[in-house]
Amino acid sequence: MKLLHTSDWHLGKHLNNYERHREQQAVMQEICDIADREQVDAVIVAGDLFDGFNPPIESVDLFYKTLKRLANNGKRAVIAIAGNHDSPDRIEAPDPLARECGILFVGYPHTATASFELETGLGVSQTDKGFVELRLPDCQEPLRLLLTPYANELRLKTYLGGDDPEEALRGVLHHHWTTLANRYCDNKGVNVLVTHLFVARQGDDLPEEPEDERPILHVGGAQVVYTDSIPLQIQYTALGHLHRMHVVDATQGPVVYAGSPLSYSFSEAHQQKFVVLVDVQPGKPATTTPIELTQGRPLLRMRATTVDEAVDWLQQHPNSLVELTMATDTYLKAEERKRLYAAHDGIVM
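Keep in mind that this is a model prediction, so the values were computed, not measured.

A.B. asks: Would you explain the overall build of the protein chain in this entry?
C.D. replies: The number of helices and strands found in the protein chain is nine helices and 19 strands. Against the globule reference of 20 Å for 349 residues, the protein chain gives a C-alpha radius of gyration of 21 Å, in line with a compact fold. Reported as C-alpha extents along the three principal axes, the dimensions of the protein chain are approximately 70 × 50 × 35 Å. Counting only residues that meet the buried cut, the protein chain has 56% of its 349 residues in that class. Long-range contacts, defined as pairs at least 24 residues apart, comprise 66% of the intrachain contacts of the protein chain with a sequence gap of at least 6. Approximately 15500 Å² of the protein chain is accessible, and the part contributed by carbon and sulfur atoms is 47%. Each charge class in the protein chain can be summarised by its mean position, and for the 32 positive and 49 negative side chains these summaries are 3 Å apart.

A.B. asks: Teacher, can you tell me more about the side chain of Thr148 here?
C.D. replies: Its location among the elements puts Thr148 in strand 9 (residues 143–148). Within the structure, Thr148 has its side chain in polar contact with the side chain of Trp177 (distance 2.8 Å). Leave out the neighbours within four places in its chain, and Thr148 touches Ile81, Pro109, Leu156, Leu173, His176, Trp177, Val194, Thr195 and His196.

A.B. asks: Would you explain helix 1 (residues 21–37) in this entry?
C.D. replies: Count 3.6 residues to each turn of an α-helix, and residues three or four apart come out pointing the same way. In a regular helix each residue adds 1.5 Å, so 17 residues correspond to 24 Å; helix 1 covers 24 Å between its end C-alpha atoms and thus fits that length. Of the residues making up helix 1, those classed as buried are His21, Glu23, Gln24, Val27, Met28, Glu30, Ile31, Cys32, Ile34 and Ala35.

A.B. asks: What exactly am I supposed to notice about the layout of surface pockets here?
C.D. replies: Here the idea is plain: a probe the size of a water molecule rolls over the atoms and shows the empty space left. Taken as a whole, the largest pocket spans an internal volume of roughly 240 Å³. Residue lining of the largest pocket: 13 residues in total, with Leu324, Met326, Leu332, Arg337 and Leu340 positioned closest to the centre. Elements supplying a minimum of two residues to the lining of the largest pocket: strand 19 (321–326) and helix 9 (334–343). Looking at the lining of the largest pocket, its residues break down into nine nonpolar, two polar and two charged.

A.B. asks: Please clarify how the pattern of salt bridges should be interpreted in this entry.
C.D. replies: Opposite charge on two side chains permits them to pair, given that their charged atoms come into close proximity. Applying the stated criterion to the full structure yields 19 salt bridges. Between Glu117 and Arg135 there is a salt bridge, and its shortest N-O distance comes to 3.4 Å. Taken as a pair, Glu117 in the loop between strand 6 (103–106) and strand 7 (123–128) and Arg135 in strand 8 (residues 131–135) lie far apart in primary sequence, 18 residues in all. On the basis of relative accessibility, which here comes to 57%, the residue Glu117 falls in the exposed class. Salt bridges sharing partners connect three or more residues here, namely Asp33, Asp36, Arg69 and Arg76.

A.B. asks: Explanation requested: the sheet that holds strand 9 in the structure shown.
C.D. replies: With respect to topology, seven strands assemble into an open sheet ordered 7-8-9-10-13-15-14, the strand pairing being mixed. The open sheet is flanked by strand 7 and strand 14 (246–249), the only strands paired with a single partner. Mean inter-strand twist for the sheet, computed between neighbouring axes without regard to direction, equals 25°. Sheet analysis places strand 7 next to strand 8, joined by five bridges and oriented antiparallel. Each residue of the ladder has a partner; that of Gly123, found in strand 8, is Arg135. Its contacts with the sheet place helix 6 (residues 169–184) against strand 7, strand 8, strand 9 and strand 10 (190–195), and it is angled at close to 165° to strand 9.

Rules used throughout
- Residues numbered from 1 in each chain as written.
- Predicted model: local features only at pLDDT ≥ 70, side-chain atom pairs only at ≥ 80, totals over all residues.
- Heavy atoms only, no water.
- Helix = DSSP H or I, 4+ residues; strand = E, 2+ residues; numbered from the N terminus.
- Rg over C-alpha atoms; globule rule 2.2 N^0.38 Å.
- Buried < 20%, exposed > 50% of the residue type's maximum accessible area, 1.4 Å probe, protein only.
- Contact = heavy atoms within 4.5 Å.
- Areas by Shrake-Rupley, 256 points an atom, 1.4 Å probe, with all protein chains shown as cover.
- Lys, Arg positive; Asp, Glu negative; His and termini not counted.
- Charge placed at Lys NZ, Arg CZ, Asp CG, Glu CD.
- Polar contact = N/O pair within 3.5 Å; in protein donor to acceptor, adjacent residues only side chain to side chain.
- Expected span 1.5 Å × (residues − 1).
- 1 Å grid on protein atoms, 1.4 Å probe; cavity = no way out; pocket = protein on both sides within 12 Å on 5 of 7 lines; lining within 4 Å.
- Points joined across faces, edges and corners; volume = space filled by probe spheres on them.
- Nonpolar A, V, L, I, M, F, W, Y, C, P; charged D, E, K, R; others polar.
- Salt bridge = Lys/Arg side-chain N within 4 Å of Asp/Glu carboxyl O.
- Pairing = 2+ DSSP bridges.
- Axes fitted to C-alpha atoms, helices over the stretch in contact; angles between N-to-C directions.

Coordinates in, geometry out; function isn't part of it.
Here it is, written out as structure tokens:
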């Protein structure tokens, strides 16, 4: 079974005042091309589908067109969960229609997907709160998915239970995931966890969150979830939230952040972006292959001491978006600013 893991599309996001829609169109096309080329059986989009609760209409249009193409007329499963930037209700609203295309939307941790079957053979054979088992057209084995979209700590406890108000979120999630895994996940199918949370291996240094993502942990968000909360039956964990592709843990089933398809803040300057191809069969750990994404303008930081130095560097990097710092003892003159902006159309204020 081949899966394609992507996340953190943030459709509708700007870089300061710089509009990114055309870049998003190009990278969505690239992801669709990769899914077709690799002949994947299912695509997982692990949250932050949009950049806000009320995305612009052109971003909504791009989102649905992309998922429709990924679904390949119901021959390929597409599973998309809500992240901390998404409205869960908006994500789930088109679910009845989306299921007719083989697309599953999950906005809440306690969502139970309705059963269905398409003429292609794609369908849901078992479902529970936070769990779905899929039959895929070209696979003998089923795909079992534990699905936990983002919710803050209070909402997760409300949805998933936990009588003790002092009980740690990690304990609530471990109990929820373990109960589902013990009930549904044997070695006769492929078992995958999909979630949009801040996940780390206990004892490791915490990876840095992007500038726009820090509130998930620090402002009414959820605490860090450790990998030892993931049930042993899980062969691959598809994470969303961090924007850098990152393998959290590879000692059992890989636990992986796919990262965002574009760099969305200058804290991500010079980062390469990926989607993750996952090869997996029942009873064995998954193997992963990062596939480099090439679309979109890279984000670069440049520090210069003279205008000549800056102009020369800018002309050598014409396709980038640039955060330019001029280290001078005096203010730049109007003609100097004019030279800089004439040399490059991607200087971001």
